[in-house]
Amino acid sequence: VEWHSAADFLADGLKMSASYSTDSGAAKGASARVENSWGLGATYVTSAGDTALTVGAGFAGSDVVNTGDNQDGNKEGFTVGVSAVTGDLTVAVGYADGDSFNTTGVANQNIQGSVTKVGLKYVTGDITLAVGGTSGEGKDSAFGTAPTTDDAKDTLSASATYAVASGVSAILGYLTEDHQDNGASDDTGGSS
């Protein structure tokens, strides 16, 4: 079941939506599964002087079931983001946090995580400059066990794109990543 508002719900530029779903009635099993789920989200578009602002947020959750004793798995989270456009400059920031679960392997696992993203883009003539950063971390553990150590991934990227001709662009880019696995540095990171 879904519901969507008009583009001027309660205020000009505000839109909201909501959804709900329920299970198929199948019997519980050893592996965790989602039984019911729901979500609520909104976007608000406005302007401040010469700047166009867009704010978005959402929250979603679900009930997780299985036949085991440790039924503390869940799947829920929220997101929020803001973007601002002033002339040729665009800046955006977003944050998300939530819990999920994994049924692969021997035991059902809880997963907790969060991520922050920041981006900036500037267009001048045929050249587009962009910079972006991401910082995320997560923890996982068997159902009924508190998570302890972090996995993490931090990235920083930059690029310059030149429109050589219609449909043809030259791109120069740089990316660096730093990874952690269970609280220890992981050599899968690097730069390119």
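Heads up: the structure comes first, above all this text.
Let me sum up the structure you'll find in this document. Given the structure is predicted, the values throughout are model-derived calculations rather than measurements.

1. Re the overall build of the chain
On a plain count of helices and strands, the chain comes out with 0 helices and 11 strands. The helix and strand sequence of the chain, counted from the amino end, reads β-β-β-β-β-β-β-β-β-β-β. Taking 16 Å as the expected radius of gyration for a compact globule of 192 residues, we find that the chain reaches 21 Å, considerably beyond that expectation. Projected onto its principal axes, the C-alpha coordinates of the chain cover approximately 60 × 50 × 30 Å. Within the chain, buried positions represent 15% of all 192 residues.

2. Section: unusual backbone geometry
The phi torsion at Leu10 lies on the positive side, around 65°, for a residue other than glycine. On the secondary structure map, Leu10 appears in the loop between strand 1 (2-4) and strand 2 (14-21).

3. Observations regarding the sheet that holds strand 4 (residues 51-65)
The strand order across the open sheet built from 11 strands is 1-2-3-4-5-6-7-8-9-10-11, with neighbouring strands paired in antiparallel fashion. The open sheet has two edge strands with one neighbour each: strand 1 and strand 11 (184-191). With direction set aside, neighbouring strand axes in the sheet form an average angle of 10°. Where strand 9 (residues 151-165) lies against strand 10 (residues 168-181), 13 bridges are found, and the strand directions are antiparallel.

4. Things to note about the pattern of salt bridges
Working definition: two side chains of opposite charge can pair if their charged atoms are close together. For the coordinates displayed, the defined rule picks out 2 salt bridges. Its salt-bridge partner being Asp150, residue Lys139 comes within 3.8 Å of it at the nearest N-O pair. Within this pair, whereas Lys139 is found in strand 8 (residues 127-142), its partner Asp150 is found in the loop between strand 8 and strand 9, the two being separated by 11 residues in sequence. The exposure class assigned to Lys139 is partly exposed, which follows from its relative accessible area of 25%.

5. Observations concerning the environment of Leu175
Mapped onto the elements, Leu175 comes out in strand 10. C-alpha of Leu175 to C-alpha of Gly132: the two residues are 43 residues apart in sequence and 9.4 Å apart in space. Apart from residues no more than four positions distant in its own chain, Leu175 is found in contact with Thr155, Leu156, Ser157, Gly190, Ser191 and Ser192.

6. Topic: the pairing of strand 11
In terms of burial, strand 11 is a largely surface element, 0 of the 8 residues being buried. Across 5 bridges, strand 10 lies against strand 11 in antiparallel orientation. Looking at strand 11, one finds that Glu177 is bridged to Gly190. Turn length for the strand 10-strand 11 hairpin, with the two strands adjacent in sequence and antiparallel, is 2 residues, and the turn residue Asn182 shows positive phi of about 50°.

7. Looking at the packing of aromatic side chains
Evaluation of the coordinates by the stated rule reveals 3 aromatic pairs. For the ring pair Trp3 and Phe9, a centre distance of 5.6 Å and an interplane angle of 75° mean the geometry is edge-to-face. Trp3 gets classed as partly exposed once you look at its relative accessible area, which sits at 40%. Judged by centre distance (5.3 Å) and plane angle (40°), the ring pair of Trp38 and Phe59 falls under tilted. In this pair, Trp38 sits in strand 3 (residues 33-48) while Phe59 sits in strand 4, placing the two residues 21 residues apart along the sequence. Overall, Trp38 belongs to the partly exposed group, its relative accessible area being 37%. The exposure class of Phe59 is partly exposed, given its relative accessible area of 36%.

What counts, and at which threshold
Residues numbered from 1 in each chain as written. Predicted model: local features only at pLDDT ≥ 70, side-chain atom pairs only at ≥ 80, totals over all residues. Heavy atoms only, no water. Helix = DSSP H or I, 4+ residues; strand = E, 2+ residues; numbered from the N terminus. Rg over C-alpha atoms; globule rule 2.2 N^0.38 Å. Buried < 20%, exposed > 50% of the residue type's maximum accessible area, 1.4 Å probe, protein only. Pairing = 2+ DSSP bridges. Axes fitted to C-alpha atoms, helices over the stretch in contact; angles between N-to-C directions. Salt bridge = Lys/Arg side-chain N within 4 Å of Asp/Glu carboxyl O. Contact = heavy atoms within 4.5 Å. Phe/Tyr/Trp six-rings, centres within 6.5 Å; stacked < 30°, edge-to-face > 60°.

It is worth stressing that arrangement in space is one thing and function is another; only the former is reported here.
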